[in-house]
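In case you want the letters, here they are:
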Amino acid sequence: MRPALTAHGDSGDFVAASPQIALLRFITCGSVDDGKSTLIGRILFEAGAVFEDQLEALDRDSRKFGTVDGGRDFALLVDGLSAEREQGITIDVAYRYFATPRRSFIVADTPGHEQYTRNMATGASTADCAVILIDARMGVLPQTRRHSFIVSLVGVKRIVVAINKMDLVDCDQRVFETIAKDYRQAVAGLGFETIDVIPVSARDGDNIRQASARMPWYQGPTLLTWLETVDMSEAAAEGEQGVFPVQYVNRPDHLFRGFAGTVATGRVAVGDGVVSLPSMRQSRVARIVTADGDWPQAEAGQAVTLTLGDEIDTSRGDVLVVQPRTGIVQVRRQGTARVLVTGDQPLRVGGAYEIKLATATAQTVISAIHHVVDIETYRPGMADDLPMNAIGQISLRLDRPVPMTAYRDSAVLGGFILIDRISRQTVAFGFMDADVADLPVGKSDELTRPLVNLRDRLLGPSGSVLRRQRLEAVSWRLTGALVLAVVMAGLDLPLPVIGTVVLADLLVRPVLKVLHHHVWQTARQPAPALSDLDQGDGI
Amino acid sequence: MAALGHLQRLEAEAIFILREVVATCDKPVLLYSIGKDSAVLLHLAQKAFYPAKLPFPLLHVDTGWKFREMIAFRDETVARLGLDLIVHINPDGVAAGISPLASGSQVHTDVMKTQGLKQALDQHGFDAAFGGARRDEEKSRAKERIFSLRTVDHRWDPKGQRPEPWALFNTRKLKGESFRVFPLSNWTEADVWSYIAQEKIPVVPLYFAAPRPVVQRAGTLIMRDDERLVLQPDEVVETRMVRFRTLGCYPLTGAVESTATTLEEIIAEMSGSRVSERQGRVIDHDGAASMEAKKQEGYF
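Residues numbered from 1 in each chain as written. Chains lettered and ligands numbered in written order. Predicted model: local features only at pLDDT ≥ 70, side-chain atom pairs only at ≥ 80, totals over all residues. Heavy atoms only, no water.

**Quick word on the overall build of chain B**
- Within chain B, the secondary structure is distributed over 8 helices and 10 strands.
- Evaluated residue by residue, chain B yields a buried proportion of 63% over its 300 residues.
- Restricting to contacts in chain B with at least 6 residues of sequence separation, those with at least 24 account for 74%.
- Accessible surface, chain B as shown: approximately 10,800 Å² in total, 54% of it carbon and sulfur. (Helix = DSSP H or I, 4+ residues; strand = E, 2+ residues; numbered from the N terminus. Buried < 20%, exposed > 50% of the residue type's maximum accessible area, 1.4 Å probe, protein only. Contact = heavy atoms within 4.5 Å. Areas by Shrake-Rupley, 256 points an atom, 1.4 Å probe, with all protein chains shown as cover.)

**Points about a nonpolar patch on the surface**
All names here are of chain A.
- On the surface, Val-483, Val-487, Leu-491, Leu-493, Val-497 and Val-501 cluster together into a nonpolar patch covering about 480 Å² of accessible area.
- Elements with a minimum of two residues in the nonpolar patch: helix H13 (465–490) and helix H14 (495–523).
- With respect to the secondary-structure elements, Val-497 resides in helix H14.
- Given a relative accessible area of 37%, Val-497 falls into the partly exposed group. (Patch = residues over 30% accessible without salt bridge, like charges linked within 9 Å, V, L, I, M, F, W, Y side chains within 5 Å. Salt bridge = Lys/Arg side-chain N within 4 Å of Asp/Glu carboxyl O.)

**Some words on the packing of aromatic side chains**
- What the rule picks out here adds up to 21 aromatic pairs over all chains.
- Considering the side-chain rings of Tyr407(A) and Trp166(B), the 5.6 Å spacing of their centres and the 55 degrees angle between planes classify their relative orientation as tilted. You can see Tyr407(A) sitting in the loop between strand S22 (391–404) and helix H11 (411–414) and its partner Trp166(B) sitting in the loop between strand S5 (147–150) and strand S6 (178–181), one on each of two chains. A single burial state applies to Tyr407(A) and to Trp166(B), both of which are buried.
- By the ring-pair criterion, three or more aromatic residues cluster together here, those being Tyr248(A), Phe49(B), Phe56(B) and Phe130(B).
- Between the NZ or CZ atom of Arg145(A) and the centre of the ring of Tyr378(A), over which it lies, the distance is 4.6 Å.
- Above the ring of Phe126(B), the side-chain terminus of Lys27(B) is found at 5.2 Å from the ring centroid. (Phe/Tyr/Trp six-rings, centres within 6.5 Å; stacked < 30°, edge-to-face > 60°. Lys NZ or Arg CZ within 6 Å of the ring centre and 35° of its normal.)

**Description of the packing of helix H1 (residues 6–24) of chain B against helix H2 (residues 36–49) of chain B**
Residue and element names in this part refer to chain B.
- Close contact between H1 and H2 brings their axes to 9 Å; oriented N to C, the two are set at 70 degrees. Regarding the angle of H1 to H2, the classification is roughly perpendicular. Crossing hand, H1 versus H2: right-handed. Contacts from Glu-11, Ala-14, Ile-15, Leu-18, Arg-19 and Val-22 of H1 reach H2 at Leu-44, Ala-45, Lys-47, Ala-48 and Phe-49.
- Per-class residue counts for the contact of H1 with H2 are 8 nonpolar, no polar and 3 charged. (Axes fitted to C-alpha atoms, helices over the stretch in contact; angles between N-to-C directions. Parallel < 35°, antiparallel > 145°, perpendicular 65-115°, else oblique. Left-handed = near helix turned anticlockwise from the far one by under 90°. Nonpolar A, V, L, I, M, F, W, Y, C, P; charged D, E, K, R; others polar.)

**As for the sheet that holds strand S7 (residues 210–217) of chain B**
Residue and element names in this part refer to chain B.
- Taken in spatial order, the 4 strands close into a barrel running S7-S8-S10-S9, and their pairing is antiparallel. Averaged over neighbouring strand pairs, the angle between their axes works out to 70 degrees when direction is ignored.
- Direction of pairing for strand S8 (residues 220–223) relative to strand S10 (residues 254–257): antiparallel, over a ladder of 2 bridges. When the bridges of S10 are listed, Leu-221 appears paired with Ala-255. (Pairing = 2+ DSSP bridges.)

**Some words on the packing of H2(B) against helix H6 (residues 189–199) of chain B**
All names here are of chain B.
- Remark: H2 packs on H6, axes separated minimally by 10 Å, with the N-to-C direction vectors making an angle of 55 degrees. Classified by the interaxial angle, the pair formed by H2 and H6 is oblique. With respect to the hand of their crossing, H2 and H6 are arranged in left-handed fashion. Only Glu-189, Val-192, Trp-193, Tyr-195, Ile-196 and Glu-199 of H6 make contact with H2, whose side of the interface consists of Lys-36, Asp-37, Val-40, His-43, Leu-44 and Lys-47.
- Residues belonging to the contact of H2 with H6 are distributed by class as follows: 6 nonpolar, 1 polar and 5 charged.

**Focus: the confidence of the model for chain A**
All names here are of chain A.
- In this model, chain A carries a mean pLDDT of 82, and residues with pLDDT of at least 70 account for 81%.
- Every residue in residues 1–20 scores below 50 in pLDDT, and together they form 26 contacts with partners more than four places removed in sequence or on other chains.
- A low-confidence stretch, residues 437–447 stays under pLDDT 50, and its non-local contacts, those more than four residues away or across chains, total 3 contacts. (pLDDT = per-residue confidence, 0-100.)

**Points about the sheet that holds S6(B)**
Residue and element names in this part refer to chain B.
- Across the sheet, which stays open at both edges, the 6 strands sit in the order S3-S2-S1-S4-S6-S5 with mixed pairing between neighbours. Two strands close off the open sheet at either side, each with one partner strand: strand S3 (85–89) and S5. Direction aside, the axes of adjacent strands within the sheet are offset by 30 degrees on average.
- Note: strand S4 (residues 128–130) against S6, 3 bridges, orientation parallel. Of the residues in S6, the one forming a bridge with Ala-129 is Arg-180.
- Packing against the sheet, H2 makes contact with strand S1 (28–31), strand S2 (58–62) and S4, and its axis sits at approximately 145 degrees to S1.

**Concerning the pairing of strand S9 (residues 238–243) of chain B**
Residue and element names in this part refer to chain B.
- Summarising the sheet, S7 and S9 pair through 5 bridges and their orientation is antiparallel. Residue Pro-211 lies in a different strand from S9, and its bridge partner there is Met-241.
- Summarising the sheet, S9 and S10 pair through 2 bridges and their orientation is antiparallel. Its bridge partner being in S10, Val-242 is matched across the sheet by Glu-257.

**Some points on the pattern of salt bridges**
- One pass over the full model with this rule turns up 40 salt bridges over all chains.
- Arg9(B) is paired through a salt bridge with Asp128(A); the nearest N and O atoms lie 3.8 Å apart. Within this pair, whereas Arg9(B) is found in helix H1, its partner Asp128(A) is found in the loop between helix H7 (117–125) and strand S4 (129–135), the two belonging to separate chains. An identical accessibility class is assigned to Arg9(B) and Asp128(A); each is buried.
- Asp204(A) serves as the salt-bridge partner of Arg214(A), at 3.0 Å between the closest nitrogen and oxygen. Of this pair, Arg214(A) sits in the loop between strand S6 (194–199) and helix H10 (223–229) while Asp204(A) sits in the loop between S6 and H10, and the two are 10 residues apart along the sequence.

**Points about the pairing of S22(A)**
Residue and element names in this part refer to chain A.
- Within S22, 10 of the 14 residues are buried, which leaves it mostly tucked inside the rest of the structure.
- Pairing between strand S16 (residues 330–341) and S22: 10 bridges, direction antiparallel. Considered in S22, the bridge of Leu-340 is made with Ile-391.
- Relative to S22, strand S19 (residues 360–373) runs antiparallel, the two being bridged by 8 bridges. Within the sheet, the bridge partner assigned to Ile-366 lies in S22 and is Leu-396.

**With respect to the side chain of Gln161(B)**
- By the element assignment, Gln161(B) lies in the loop between S5 and S6.
- In this structure the side chain of Gln161(B) is engaged in a polar contact, spanning 2.8 Å, whose partner is the backbone oxygen of Lys143(B).
- Beyond its immediate chain neighbours, meaning those up to four positions away, Gln161(B) contacts Asp92(A), Lys143(B), Glu144(B), Arg145(B) and Trp156(B). (Polar contact = N/O pair within 3.5 Å; in protein donor to acceptor, adjacent residues only side chain to side chain.)

So this is what it looks like as structure tokens:
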């Protein structure tokens with residue numbers, strides 16, 4: 001038992017007496033053709049989580065909608081919405097719950113089709129590990145690569161690949177091994193820490209709970225055993241800085257002023273010196289208040305209320321960090337991030353949104369779209385905008401400084417959503433990159449940096465729409481000048497005349513255009529909808 | 001984070017959700033249905049805002065057909081904890097003489113619960129209502145978000161749900177829209193009972209087995225809580241040792257035969273059970289995907 005759990009012993013002897021079962025959250029990725037719903041239905045059934053009345057309903061539904069001739073269609077256990085049952089596909093994330101004597105499980109059952117990428121990413125965002133399903137007859141498909149990419153995007157590190165429908169390939173060990181090798185090669189660059197591969201038949205139950213008699217060549221764990229025993233201990237827990245985003249200021253009367261929130265990383269203890277970001281004001285943790293009595297300390301994931309030794313101005317959205325402040329949290333008013341678009345309307349440069357990051361909100365504008373990622377080949381490509389379900393890299397400017405980290409350091413302080421200011425819908429969610437200023441800069445890079453900066457200033461950042469527009473404009477001017485030269489040559493004009501006219505056309509017209517543009521720019525009023533963003537120097 | 005115990009993780013998640021609503025919504029309310037899930041939700045809400053009192057009232061949408069013991073427990077709880085309780089009963093339904101016996105379970109549920117809830121929310125202008133619903137209860141609930149956005153008419157659009165990554169809840173809404181918020185989304189029936197035992201939370205005595213007057217009706221054991229349950233010619237009232245796994249309107253709530261008189265016995269009985277919790281709920285069986293249809297119309 002961890003110190004924080006035993007520390008509040010007066011909260012109840014029950015906690016101390018009964019060892020608590022750990023909770024594992026996992027996601028299943030695959031499409032209906034891979035037999036994903038069948039696999040989950042089978043897991044629930046094997047774990048004893050399907051009750052008799054549900055089995056009766058299942059048998060009734062199997063006769064009505066079932067796709068397994070004359071048999072029980074386990075997929076119908078999990079397809080909940082009527083549209084899904086009619087179409088025989090999974091549309092939305094569904095959460096399933098079951099427990100074995102060793103662990104409790106929450107399964108995010110997510111759709112595999114490309115148009116539901118956002119739903120899969122949502123399910124993956126809270127997962128400790130992922131089950132990736134491959135149809136043994138098909139091997140590694142583009143969709144397998146897509147599912148693996150989404151899972152890696154949200155930071156899942158532990159993968160188990162279930163190669164399903166082994167019965168349809170005669171339980172052939174060579175088929176299994178070829179697919180396992182292909183898969184490891186396909187995802188080699190995605191940064192998974194562990195990849196285990198298990199041959200299964202979800203329909204018949206091979207290697208789900210019971211080891212398969214038909215595949216004696218497989219000696220590893222069954223899928224349920226893997227889920228019960230996968231190591232969940234957090235690698236970086238020791239020595240992590242205590243970080244506490246303030247969620248709610250609790251002031252029942254003038255005597256009590258508490259900062260309610262959930263510890264994001266590390267540990268906060270009574271007596272710790274803290275700095276409130278972004279104000280940088282300092283204080284000390286006076287009490288850690290809970291309904292079960294005061295605690296001496298609280299650690300990541302625990303929801304508590306802190307009181308401070310000094311009356312400092314701190315409110316929702318601020319972040320308290322334990323000193324010395326050598327940690328990962330930075331106060332920034334811009335950032336580069338990967339985003340996954342969830343709204344109907346594409347994200348564009350200049351688009352203005354509300355950003356919610358941890359408990360903070362701010363106004364934000366997309367200042368650049370750097371690239372879009374092809375989620376099957378993992379290659380970046382050029383993009384003017386990012387449509388629904390696209391994943392790309394953008395730069396954001398905020399209207400005020402917000403404490404944040406890179407997503408890889410903390411999902412709580414590096415993950416965010418973008419909210420449309422008119423429809424109030426969630427149009428994207430994103431993953432902050434490390435601040436550009438923090439990136440290690442090499443010697444050779446230092447020498448060329450001014451040139452690179454100049455180029456970026458003239459042409460826009462690499463891969464951005466701005467650069468593409470400027471390059472297009474230059475290309476158009478050159479083409480125009482060339483046509484002019486060819487026409488004049490056809491008219492037998494002397495070479496110096498042609499040269500002068502072409503040069504004048506190339507130089508004088510752009511200059512006149514810029515001057516003309518400036519006249520209009522100064523005459524134009526700022527658009528009313530954006531005027532609130534024009535104040536301040538951030539945007 | 002993974003090192004936290006299973007109930008600790010669920011408790012912290014629920015407290016986070018409760019605080020998020022109070023920090024971002026104008027006028028929240030806690031839908032209090034008196035059952036075990038409501039009891040856990042109320043307990044978590046008190047923990048979330050300790051040492052302050054609850055920063056929102058409780059709302060009980062009554063139908064006039066709850067078990068008498070439920071009403072007694074409700075009033076005792078409110079008095080003991082010093083809570084602010086609003087009781088609403090649909091006056092139109094009362095005037096029309098709606099009852100689960102005369103009108104049938106579908107009409108009764110729609111008028112007294114769904115319409116009654118909408119009336120109360122509109123009347124008081126609540127923009128966020130906490131409910132104790134769990135995703136493991138029913139298939140369409142398994143796909144509902146923790147923050148479930150409802151239109152001005154309280155309708156749920158299952159296909160247009162907002163993505164809910166991490167614990168980043170989009171609490172923005174248009175004027176007139178509201179949220180149903182489910183802090184217990186990720187809890188199971190077993191979690192609820194384990195937590196009640198751990199935290200020593202009082203629950204309605206109907207959950208514990210006792211000799212009670214019941215009649216067999218359409219394969220279900222219905223308790224005769226008062227004289228309004230008129231017996232059919234072939235029905236007899238028997239005293240049997242029964243308890244309830246869920247609580248609602250007494251003519252629509254099936255009892256199970258049981259000898260479990262303590263929390264430990266309930267937990268033991270449940271882990272050996274082969275039928276699901278909502279099996280005793282008559283209203284869930286009104287046709288395929290009926291919960292989804294009810295929710296679209298504004299039901300919890």
